[in-house]
Amino acid sequence: VSTKRSAKSTEAASPAASKPDRGDHERLVTAYRTMARIRRFEEAVGTNFREGNVHGFVHTSIGQEAVATGVCGLLEEGDYLTTTHRGHGHCLAKGADPTAMMAELFGRDTGSCRGRGGSMHLAQPELGILGANGIVGAGIPIAVGGALAARAAGAGAVVVAFFGEGSVHTGAFHEGISLAVAWQVPVLFACENNQFAEFTASTGSWGGPGLVERAQSYGLPAISVDGNDPMAVEDAVGPVIEAMRGGSGPAFAELRTYRMSGHYEGDATPYRDETEVELWRKRDPLTLVREALVGLQRADGLDAIDREVEAEIDAAVADALAAPYPDPSTVMEYVRV
Ligand SMILES: Cc1ncc(C[n+]2csc(CCOP(=O)(O)OP(=O)(O)O)c2C)c(N)n1
């Protein structure tokens, strides 16, 4: 790629971008801890990919932690989610155990899918995690099916379909959102707009109006939120989820964020503009929450949280490294033929 393509996002420099300065400090600390766990997990995944411990392609969500944290913080145990090839943060924020997840990425027998799935096929149905997915858009119809089942069960559960803005070009998005509106099932279409789909800036990759207008054209309510501010995400998405629990139909939320990682580990990102990256770095979700707590004079516990999280993830890596690979004789287990 010879010409750097800018995502032309104005969010980073925009005075309208929200700052996480609302709410009490406990909400901020809780969000900080969840985001720090995701950040540290993703950093460890990157290191271990380079060291050859993580197999296959791996996509991290560094910079996007406030989306997973804000949305999943609103979910209850009985709620469900589907996610994508970039789903580690969503799974952790929904309650997945980092030790079982790390072992899964390392292909070990102690992994959450016994080492069969890896990063792009993480799933823990017992936690409501219906699955990551290597096929762009493919989690969306699964979420709609989950929402149909949830409504039939009658317990007020909701389903969140996480997907990137690149997925709105797929037939699965069109089919899934159309059917959800027709059936009026409780699914939140959570579109994580991280400004890029692989190596293509999102701006200019569609000719029509924005994501919200596109979603509204299907006949469902749609909002757009600062996805680098976990409090803004909670405040905006909370009432939407509550309405769905009360029986309202599906809804769409664009969460505006920025992928600080490459598309996959090892992507040197020659296609993007460094000035833009630097602007977004100033709006790093962890930095924003730390600054908000400093402003409230309540940041004293954050370094201890960092140390706890680091120890937890280091232990997860050590555990994964020590765990056995699945025995070759079990290769046909869990496979339907
Ligand atoms: C159906 C399908 N088409 C193409 C691909 C190749 N592919 C993998 S990730 C990706 C970009 C996805 O962008 P987006 O949905 O915005 O998610 P992000 O990577 O930004 O999180 C593409 C095109 C695929 N995996 N599946």
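See above for the structure.
Description of the structure in this document. If you're wondering where the values come from, they're calculated on a predicted model, not measured in any experiment. (Residues numbered from 1 in each chain as written. Predicted model: local features only at pLDDT ≥ 70, side-chain atom pairs only at ≥ 80, totals over all residues. Heavy atoms only, no water.)

## Describing the nonpolar core
Point 1. Phe41, Met102, Leu105, Val160, Phe162, Leu188 and Leu255 are the most contacted members of the largest nonpolar core, which has 58 residues in total.
Point 2. If one sorts the elements of this core by residue count, helix H1 (residues 25-50) sits on top with 9 residues.
Point 3. Residues Ala161, Val187, Phe189 and Val212 belong to the second largest nonpolar core, which totals 23 residues. (Core = buried A, V, L, I, M, F, W, Y, C linked by side-chain atoms within 4.5 Å. Buried < 20%, exposed > 50% of the residue type's maximum accessible area, 1.4 Å probe, protein only. Helix = DSSP H or I, 4+ residues; strand = E, 2+ residues; numbered from the N terminus.)

## Brief notes about the pairing of strand S8 (residues 251-256)
Point 1. With 5 of 6 residues buried, S8 lies mostly within the body of the structure.
Point 2. For strand S4 (residues 187-193) and S8, the ladder comprises 6 bridges, and the chain directions are parallel. Paired with Phe189 across the bridge in S8 is Phe252.
Point 3. Between the parallel pair strand S7 (residues 222-226) and S8, the chain is carried across by helix H8 (residues 230-245), and the sense of this crossover is right-handed. (Pairing = 2+ DSSP bridges. Right-handed = clockwise from strand over helix to strand, strands pointing away.)

## Points about H1
Point 1. An ideal rise of 1.5 Å per residue puts 38 Å on 26 residues; H1 measures up with 37 Å between its terminal C-alpha atoms.
Point 2. The N-cap residue of H1 is Asp24: its side-chain oxygen and the backbone nitrogen of Glu26 are 3.0 Å apart.
Point 3. In the segment just after H1, Gly52 is the residue with positive phi, at about 85°. (Expected span 1.5 Å × (residues − 1). Polar contact = N/O pair within 3.5 Å; in protein donor to acceptor, adjacent residues only side chain to side chain.)

## Considering the sheet that holds S7
Point 1. A sheet is described by the order of its strands in space; here 6 strands give the open sequence S2-S1-S3-S4-S8-S7, paired in parallel fashion. A strand with exactly one partner marks an edge of an open sheet, and here the two such strands are strand S2 (129-131) and S7. The sheet shows a mean angle of 20° between the axes of neighbouring strands, taken without regard to direction.
Point 2. Of the strand pairs in this sheet, strand S1 (residues 80-82) and S2 are connected by 2 bridges, and their pairing is parallel. The residue of S2 that forms the bridge with Thr82 is Gly131.
Point 3. Strand contacts of helix H5 (residues 139-153): S1, S2, strand S3 (159-164) and S4, with the helix running at about 175° to S3, the strand carrying the most contacts.
Point 4. Its contacts with the sheet put helix H6 (residues 171-183) on S3, S4 and S8, and the angle it makes with S4 is roughly 145°. (Axes fitted to C-alpha atoms, helices over the stretch in contact; angles between N-to-C directions. Contact = heavy atoms within 4.5 Å.)

## Overview of unusual backbone geometry
Point 1. One non-glycine residue, Gln184, adopts positive backbone phi at about 55°.
Point 2. If you trace the backbone, Gln184 turns up in the loop between H6 and S4.
Point 3. Non-glycine residue Tyr334 carries a positive phi angle of around 70°.
Point 4. Here Tyr334 is to be found in the segment after helix H11 (302-322).

## Some words on the side chain of Ser119
Point 1. Looking at where Ser119 falls in the secondary structure, it is placed in the loop between helix H4 (98-105) and S2.
Point 2. When its relative accessible area of 6% is taken as the criterion, Ser119 is described as buried.
Point 3. Of note is the side chain of Ser119, whose polar atom sits 2.7 Å from the side chain of His88.

Purely geometric stuff here, so don't read any function into it on its own.
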